[in-house]
Amino acid sequence: MERRPRRHDGLIAVLVGVLDVLLMIILGLGMVVSGIGSGFDGYADRRAAEGQHGILVFTAALTCGGFALAAALRHWKTGVVHLLLTGLPLLVFLGWQQSN
């Protein structure tokens with residue numbers, strides 16, 4: 001059984017990279033927007049925390065699932081690009097949530 005990457009792995013890595021950047025921008029804006037109403041009352045703080053937690057769970061599932069799919073299909077460049085472009089913002093989101 002061969003372990004070489006697939007033929008169009010580079011092209012797919014570029015496409016996945018562009019989509020990941022756009023998705024991370026949208027999720028980052030969601031993290032910011034979900035925290036705008038916090039600080040006014042307890043209900044707003046609780047809703048902000050729930051919204052940010054949901055975004056973190058979705059980002060973690062996206063990161064792990066996308067990398068597992070790329071690895072299963074032997075698209076190694078795509079998997080690494082996806083892991084970098086979704087895993088690093090996930091760590092930033094986690095650090096930002098811990099500081100708030």
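All values derive from a computational prediction rather than experimental measurement.

Considering the nonpolar core
- Judged by nonpolar contacts, M24, L27, M31, I55, L56, L90 and F93 together constitute the single largest core of 7 residues.
- Of all elements in the fold, only α1 (9-34), α2 (42-72) and α3 (76-99) reach the threshold of two or more residues within this core.
- The element contributing the most residues to this core is α1, with 3 residues.
- Those residues in contact with L27 that lie beyond four places of it in its chain are I55, F58, T59 and F93.

Description of α1
- Helix length check: α1 (26 residues) gives 36 Å between terminal C-alpha atoms against 38 Å at 1.5 Å per residue, within 8%.
- Every buried residue of α1 is listed here: D9, A13, G17, D20, M24, L27, G28, M31 and S34.
- In this structure, the buried side of α1 is in contact with α2 and α3.

Some remarks on unusual backbone geometry
- Even without being a glycine, R74 presents a positive backbone phi close to 60°.
- Turning to its location among the elements, R74 is positioned in the loop between α2 and α3.

Section: the environment of F93
- As for its placement among the helices and strands, F93 is situated in helix α3.
- F93 sits in the buried class, given a relative accessible area of 9%.
- On a C-alpha basis, the gap between F93 and H82 in space is 16 Å, while along the polypeptide they are 11 residues apart.
- The contacts of F93, once residues within four sequence positions are left out, are M24, L27, G28, M31, L56 and T59.

Some points on the pattern of salt bridges
- Evaluated as defined, the whole model comprises 1 salt bridge.
- For E50, the salt bridge goes to R47, with nearest N and O atoms at 3.4 Å. Here the residue E50 and the residue R47 both occupy positions in helix α2, the gap between them amounting to 3 residues, near one helical turn.
- For E50, a relative accessible area of 44% puts it in the partly exposed group.
- Classification of R47 by relative accessible area gives partly exposed; the value is 47%.

Focus on the packing of α2 against α3
- Viewed as axis vectors pointing N to C, α2 and α3 meet at an angle of 160°, and their least axial separation amounts to 9 Å. Classified by the interaxial angle, the pair formed by α2 and α3 is roughly antiparallel. The handedness of the crossing between α2 and α3 is left-handed.
- Of the residues belonging to the contact of α2 with α3, the class tally is 14 nonpolar, 11 polar and no charged.

Observations regarding the side chain of T63
- Checked against the element boundaries, T63 lands in helix α2.
- There is a polar contact of 3.1 Å between the side chain of T63 and the side chain of T86.
- For T63, the contacting residues outside a window of four places in its chain are H82, L83, T86, G87 and L90.

The rules behind the values
- Residues numbered from 1 in each chain as written.
- Predicted model: local features only at pLDDT ≥ 70, side-chain atom pairs only at ≥ 80, totals over all residues.
- Heavy atoms only, no water.
- Core = buried A, V, L, I, M, F, W, Y, C linked by side-chain atoms within 4.5 Å.
- Buried < 20%, exposed > 50% of the residue type's maximum accessible area, 1.4 Å probe, protein only.
- Helix = DSSP H or I, 4+ residues; strand = E, 2+ residues; numbered from the N terminus.
- Contact = heavy atoms within 4.5 Å.
- Expected span 1.5 Å × (residues − 1).
- Salt bridge = Lys/Arg side-chain N within 4 Å of Asp/Glu carboxyl O.
- Axes fitted to C-alpha atoms, helices over the stretch in contact; angles between N-to-C directions.
- Parallel < 35°, antiparallel > 145°, perpendicular 65-115°, else oblique.
- Left-handed = near helix turned anticlockwise from the far one by under 90°.
- Nonpolar A, V, L, I, M, F, W, Y, C, P; charged D, E, K, R; others polar.
- Polar contact = N/O pair within 3.5 Å; in protein donor to acceptor, adjacent residues only side chain to side chain.

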